[in-house]
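# Structural features, examined
What follows is the residue order along each chain.
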Amino acid sequence: MTTRRAALGLLATPLLLPEARAQSWPTRPLRLVVPYAPGGTTDQLGRSLAELLSRELGQPVVVENRPGGNTVIGTQAVAQAAPDGHTLLMASGASMILNPLVMRRIPYNAERDLALLSVAVETPLVMVVGPQVQARNVAEFTELAKRQPLNVATVGIGNPIHLAAELYALSAGVELQNVVYPGSAPALTSLLSGDVQVMFDVVLTSLPFIRDNRLRALAVTTRERLAVLPDVPTLAESGYPGYEASTWFGVAAPAGLPAPVEARLREALAAAQRDAGFRQRFDSLGLVVQPPRDAAAIATLLREERTRWGSVVQRRGISLE
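Just so it is clear, the model here is predicted, and its values are computed rather than measured.

## Structural notes on unusual backbone geometry
Cis geometry marks the peptide bond from Trp25 to Pro26; its omega dihedral reads 0 degrees. With respect to the element layout, Pro26 can be found in the loop between α1 (2-24) and β1 (30-34). Even without being a glycine, Asn70 presents a positive backbone phi close to 55 degrees. When you line up the elements, Asn70 lands in the loop between β2 (61-65) and α3 (72-79). For Thr71, which is not a glycine, the phi torsion comes out positive at approximately 80 degrees. Mapped onto the elements of the fold, Thr71 is located in the loop between β2 and α3.

See the structure below:
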């Protein structure tokens, strides 16, 4: 009888292992892959989240910078990692939405291979013009653009800054000549000198120039006005209902996480987003820390973004090799 009970116990044990493993997770340090170079805002965001996650989960969360390929290199590394919850991605609208839309060859399928667990911050954009441009609002700029050719500064093809400008051009029925720069700094220099007339820039980098009255902010691209620019209307208020264009950053993991592990990660990330110090630090930089979203709300966001930007990419014929 004793032997029979022992045998039955051995047979039953494997059925309990997945739950036991989930309860003991995490069993080792986690890795948060940031697909950007060290030192930038995204890297700072990732390191802050890593610190808060470490506190919530009781294991170190090590940041690993893997820049290159417009986030593709780091994203691919996570998409192909084991779905055990120990490898995470500092995800963005670029890695989850835009790259799959504009790149003809991409070594991962964002919908199939990755699970977005949180949207931590939104990065608003602002439509700014240089001192030589006489337009005082979006309506005046649109009239100007219909009368004469104007240049728009971007920092690449198929990224949020570029696509925000394309969405405006489609909405307004104007053509803007895209002038690509290697980064925001040289683009803003050209905007200040008058080589280009408009840019849809990240608020963080344009804000000092706006406050010094060196650049004029015509509108922000978010659904609501921003606390750091309370007198600047949205594009929707400026005559383009439904216009919304910003990027966001959050945390994703390889698809197929055990349900209890995924739930614990979502809870830990939600706690990080509620942290007062985290909110204060990144709100002060012109970012908008987001309230936690559940899985259904995140799925809705991804679906809406794919529809919005897929339409822009298709209508403008935007693609990258």
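On we go.
## Some thoughts on the packing of aromatic side chains
This model, assessed by the stated rule, comprises 5 aromatic pairs. Ring geometry for Phe141 versus Tyr168: centroids 6.2 Å apart, planes at 50 degrees, classification tilted. Highlighted residues: Phe141 in helix α6 (residues 138-147) and Tyr168 in helix α7 (residues 160-172), separated in sequence by 27 residues. Classification of Phe141 by relative accessible area gives buried; the value is 0%. Ring geometry for Tyr168 against Phe200: centres 5.9 Å apart, planes inclined by 35 degrees, an arrangement best described as tilted. Of the two residues, Tyr168 sits in helix α7 while Phe200 sits in strand β8 (residues 198-202), which places them 32 residues apart along the sequence. Judged by relative accessible area, which is 0%, Tyr168 ranks as buried. On the basis of relative accessibility, which here comes to 0%, the residue Phe200 falls in the buried class. An aromatic cluster of three or more residues is present, and its members are Phe141, Tyr168, Phe200 and Tyr240.

## As for the sheet that holds β1
What the 6 strands build is an open sheet, ordered β2-β1-β3-β10-β4-β11; its pairing is mixed. The two strands at the open ends of the sheet, each matched to only one other strand, are β2 and β11 (288-289).

## Details of the pairing of strand β3 (residues 87-92)
The buried fraction of β3 is high, at 6 of 6 residues. On β3, burial covers both faces: Thr87, Leu89 and Ala91 on one face and Leu88, Met90 and Ser92 on the other are all buried. Alignment of β1 against β3, held across 3 bridges, turns out to be parallel. Residue Leu32 lies in a different strand from β3, and its bridge partner there is Leu88. In this structure, β3 lies alongside strand β10 (residues 247-254), joined through 4 bridges in antiparallel fashion. Counterpart to Met90 in the pairing with β10 is Val251.

## Looking at the pattern of salt bridges
In the structure shown here, the tally under the stated rule is 14 salt bridges. For the salt bridge of Arg66 with Glu64, the shortest nitrogen-to-oxygen distance reads 3.6 Å. Between Asp113 and Arg112 there is a salt bridge, with its nearest N and O atoms 2.7 Å apart. Using a relative accessible area of 57% as the deciding quantity, one classes Arg112 as exposed.

Parameters at a glance
- Residues numbered from 1 in each chain as written.
- Predicted model: local features only at pLDDT ≥ 70, side-chain atom pairs only at ≥ 80, totals over all residues.
- Heavy atoms only, no water.
- Helix = DSSP H or I, 4+ residues; strand = E, 2+ residues; numbered from the N terminus.
- Phe/Tyr/Trp six-rings, centres within 6.5 Å; stacked < 30°, edge-to-face > 60°.
- Buried < 20%, exposed > 50% of the residue type's maximum accessible area, 1.4 Å probe, protein only.
- Pairing = 2+ DSSP bridges.
- Salt bridge = Lys/Arg side-chain N within 4 Å of Asp/Glu carboxyl O.

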